[in-house]
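# Commentary on secondary and tertiary structure
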Amino acid sequence: MNPTANQTDQPRTAALTLERIPADLAETDAGWSLVLALPGVAEADIELRVERGSLQIAATRTADVPEGVRVLREGPGTARLEREFLLPAGVGPEAVSASLEAGLLRIEIARPPEARVRVPIKNG
Amino acid sequence: MLRPDLSRHPLHLLDDLFAPALRARPARRTPPLEIRAADDRVTFLAPLPGLAPDTLDVSLERGELRVRAERQVPTPADAPEQPRARVLARELDRGPVDLRLRLGFRPDAAAIEATYALGVLRIDVPRAAEERPRRIPVTTR
């Protein structure tokens with residue numbers, strides 16, 4: 001690493017880049033568990049939506065560089081972060097709970113009670 | 001790494017939706033380290049989500065900052081009470097952290113400060129007094 005390379009005094013708020021949020025996904029008997037990496041993002045800047053059978057996670061990360069400070073090596077920067085997951089049938093907003101800790105957003109999705117439908121068999 | 005075919009799973013990952021926008025900036029697992037410089041200090045911002053704070057160890061060794069920590073990325077598959085958990089996607093960085101940051105200037109070692117908030121480790125390294133820019137008064141006669 002050479003801190004003197006890539007020296008820049010450019011403001012970094014010109015265009016909002018879009019990034020995909022990395023995620024771990026696991027399935028258990030109780031449902032599904034998601035862990036998403038959102039370092040540097042405050043709870044107030046995260047939006048969770050359950051809409052038309054999908055779970056949408058959107059967040060904004062803001063890099064405030066104080067005046068008189070030069071960025072020698074650019075890090076996360078300002079960006080819009082997004083990820084979307086298709087939900088299994090029967091899963092509504094009430095089945096989804098979320099918590100944020102140490103830059104990790106953990107989402108638990110409860111498995112809906114299994115719908116059992118008896119299919120009648122016709123006698124030919 | 002072997003991965004299940006997620007497109008067949010009900011909770012599948014809809015990445016194609018964002019593909020056009022993502023071509024401009026490919027997704028990274030962990031965003032890179034940022035280095036900022038001011039006249040009196042250099043600041044390192046390391047995005048390291050999921051660190052266990054009691055394992056976090058920052059030290060100054062021979063002009064190098066060293067950061068060591070354990071990462072705790074929770075997954076139900078790791079929990080003994082969930083023996084039937086199935087991992088469907090694993091994209092997060094895990095395992096121990098060991099970073100070495102060469103300073104390239106004389107720090108005021110006693111005044112180095114490190115804070116961990118929102119999954120980002122921030123280390124402020126003040127420059128030693130003799131390294132800071134100094135205005136030299138000019139005497140005119």
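Residues numbered from 1 in each chain as written. Chains lettered and ligands numbered in written order. Predicted model: local features only at pLDDT ≥ 70, side-chain atom pairs only at ≥ 80, totals over all residues. Heavy atoms only, no water.

## Considerations on the overall build of chain B
Helix and strand content of chain B: one helix and eight strands. Ordered by position in the sequence, the α and β elements of chain B form the string α-β-β-β-β-β-β-β-β. The proportion of buried residues among the 141 residues of chain B is 40%. Relative to all contacts within chain B whose residues are 6 or more apart in sequence, the contacts with residues 24 or more apart total 55%. Counting only carbon and sulfur atoms, one obtains 50% of the accessible surface of chain B, whose full area is about 8900 Å². (Helix = DSSP H or I, 4+ residues; strand = E, 2+ residues; numbered from the N terminus. Buried < 20%, exposed > 50% of the residue type's maximum accessible area, 1.4 Å probe, protein only. Contact = heavy atoms within 4.5 Å. Areas by Shrake-Rupley, 256 points an atom, 1.4 Å probe, with all protein chains shown as cover.)

## Quick word on the side chain of Glu34 of chain B
Note that Glu34 of chain B resides in strand 1 (residues 34–37). A polar contact is formed between the side chain of Glu34 of chain B and the side chain of Arg36 of chain B, at a distance of 2.7 Å. (Polar contact = N/O pair within 3.5 Å; in protein donor to acceptor, adjacent residues only side chain to side chain.)

## Considerations on the sheet that holds strand 1 of chain B
With respect to topology, five strands assemble into an open sheet ordered 6(A)-1(B)-2(B)-8(B)-7(B), the strand pairing being antiparallel. Two strands bound the open sheet, and with one partner strand each, they are strand 6 (70–73) of chain A together with strand 7 (113–117) of chain B. Along the sheet, successive strands turn relative to each other by an average axial angle of 20 degrees, direction set aside. Bridge count between strand 6 of chain A and strand 1 of chain B: three bridges; the pairing is antiparallel. Note that in strand 1 of chain B the partner of Arg73 of chain A across the bridge is Ile35 of chain B. (Pairing = 2+ DSSP bridges. Axes fitted to C-alpha atoms, helices over the stretch in contact; angles between N-to-C directions.)

## Points about the sheet that holds strand 7 (residues 79–86) of chain A
Backbone hydrogen bonds are what pair the strands of a sheet, in a parallel or an antiparallel way. Residue and element names in this part refer to chain A. Across the sheet, which stays open at both edges, the four strands sit in the order 1-7-5-4 with mixed pairing between neighbours. Two strands close off the open sheet at either side, each with one partner strand: strand 1 (17–20) and strand 4 (46–51). Going across the sheet, the axis of each strand differs from the next one's by a mean of 20 degrees, ignoring polarity. Bridge count for strand 5 (residues 54–61) against strand 7 is eight bridges, and the pairing is antiparallel. Directly across from Ala59, in strand 7, lies its bridge partner Leu81.

## Digging into the pattern of salt bridges
Evaluated as defined, the whole model comprises 22 salt bridges over all chains. A salt bridge links Arg61 of chain A to Glu19 of chain A; the shortest N-O distance between them is 3.1 Å. Here Glu19 of chain A lies in strand 1 and Arg61 of chain A lies in strand 5, a separation of 42 residues in the sequence. Grouping residues by exposure puts Arg61 of chain A and Glu19 of chain A together as buried. Measuring nitrogen to oxygen at the nearest pair gives 1.9 Å for the salt bridge that ties Arg106 of chain B to Glu130 of chain B. One end of the pair, Arg106 of chain B, is in the loop between strand 6 (97–102) and strand 7; the other, Glu130 of chain B, is in the segment after strand 8 (120–126), and 24 residues separate them in sequence. Each member of the pair Arg106 of chain B and Glu130 of chain B is classed as exposed. Taken together, the shared-partner salt bridges connect Asp57, Glu61, Arg66, Arg68 and Asp98 of chain B into one network. (Salt bridge = Lys/Arg side-chain N within 4 Å of Asp/Glu carboxyl O.)

## Observations concerning the confidence of the model for chain B
Parts of the prediction with low pLDDT should not have their coordinates interpreted in detail. Residue and element names in this part refer to chain B. Summarising the model, chain B shows a mean pLDDT of 79, and 72% of its residues fall at 70 or more. Confidence drops under a pLDDT of 50 for residues 1–8, and excluding neighbours within four residues, the segment shows 10 contacts in the predicted structure. Overall, residues 15–27 carries pLDDT values under 50, and its contacts beyond four positions in sequence, including any with other chains, amount to 17 contacts. Model confidence for the complex: the whole-complex pTM is 0.76, and ipTM, which rates the interface, is 0.77. (pLDDT = per-residue confidence, 0-100.)

## Section: the packing of aromatic side chains
Within this structure, the stated rule accounts for zero aromatic pairs over all chains. Geometry around Trp32 of chain A places Arg111 of chain A over its ring, the cationic atom sitting 4.7 Å from the centre. (Phe/Tyr/Trp six-rings, centres within 6.5 Å; stacked < 30°, edge-to-face > 60°. Lys NZ or Arg CZ within 6 Å of the ring centre and 35° of its normal.)

## Quick word on the confidence of the model for chain A
When the pLDDT values of chain A are averaged, the result is 84; 85% of them are 70 or greater. Contacts of residues 1–13 of chain A to residues separated by more than four positions or lying in other chains number 23 contacts, the stretch itself having pLDDT below 50.

## Quick word on the nonpolar core
Grouped together as the largest cluster of nonpolar side chains are 23 residues, with contacts concentrated most on Leu34, Leu36, Leu38, Leu55, Ile57, Ile107 and Ile109 of chain A. Of all elements in the fold, only strand 2 (23–27), strand 3 (31–37), strand 5, strand 7 and strand 9 (104–110) of chain A together with strand 5 (86–90) of chain B reach the threshold of two or more residues within this core. Of all hydrophobic cores here, the second largest spans 19 residues; its members include Phe44, Val97, Phe105 and Val125 of chain B. (Core = buried A, V, L, I, M, F, W, Y, C linked by side-chain atoms within 4.5 Å.)

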